[in-house]
Amino acid sequence: MTTSITALYTAHATATGGREGTASTPDGRLSVKLSTPKELGGGGGEGTNPEQLFASGYAACFIGALKFVGGQKKVAVPADASIDASVGIGQIPNGFGLEVTLTVNLPGVPDEAARDLIEAAHVVCPYSNATRGNINVTLIHKAASGEVIVAQ
């Protein structure tokens, strides 16, 4: 069962030509050429691909979620916080599926507080909510002592 929302903002984009085409928004803020990676049987041209766009969007949205929960918990999310997002695509029994890994870097935030923020952000992030139960999402905290899996 899905939960209805009252949309506060709705994005619009148009793609033509599939993985060897273009994508753009009506306001002109985004206009990209698309190319299929060699690993998926394409020519690996100059354009971006849906997985790169999804990785970028998820990473940016998750930082927004970190800032939101940081405000609630009175923990400052540093301006140089970053997320390295990886989106893999591969075959599943009935077609193709995705997997995501988000490696979260919160410089200066104590490890326990950072892990708490990451877990809380994963609850409120719209991309996390959209993917939960549908694809594997791994959250990694890039701690001072090394990378620590927060959730899988």
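Everything here concerns the structure above.
Here goes a summary of the coordinates provided. (Residues numbered from 1 in each chain as written. Predicted model: local features only at pLDDT ≥ 70, side-chain atom pairs only at ≥ 80, totals over all residues. Heavy atoms only, no water.)

### Side note on the nonpolar core
Here is step 1: One finds F62, L66, I83, L106 and I118 to be the most contacted residues of the largest nonpolar core, which totals 27 residues.
Here is step 2: Elements with a minimum of two residues in this core: α1 (50–73), β4 (82–92), β5 (95–105), α2 (111–124) and β6 (136–143).
Here is step 3: With eight residues, the top contributor of residues to this core is α1.
Here is step 4: With sequence-adjacent residues up to four places away left out, L66 is seen in contact with V77, I83, V104, L106, L117, I118 and A121. (Core = buried A, V, L, I, M, F, W, Y, C linked by side-chain atoms within 4.5 Å. Buried < 20%, exposed > 50% of the residue type's maximum accessible area, 1.4 Å probe, protein only. Helix = DSSP H or I, 4+ residues; strand = E, 2+ residues; numbered from the N terminus. Contact = heavy atoms within 4.5 Å.)

### Points about the pattern of salt bridges
Here is step 1: Under the criterion given, the structure shown has three salt bridges.
Here is step 2: Between R19 and E51 there is a salt bridge, with the nearest N and O atoms lying 2.5 Å from each other. On the criterion of sequence distance, the pair formed by R19 in the loop between β1 (14–16) and β2 (22–24) and E51 in helix α1 is long-range, its members being 32 residues apart.
Here is step 3: Accessibility expressed as a relative area gives 26% for R19, which makes it partly exposed.
Here is step 4: Residue E51 is classed as buried on the basis of its relative accessible area, which comes to 9%.
Here is step 5: The closest approach of N and O atoms between K73 and D116, which form a salt bridge, is 3.4 Å. Note that K73 is positioned in helix α1 and D116 in helix α2, a separation of 43 residues in sequence. (Salt bridge = Lys/Arg side-chain N within 4 Å of Asp/Glu carboxyl O.)

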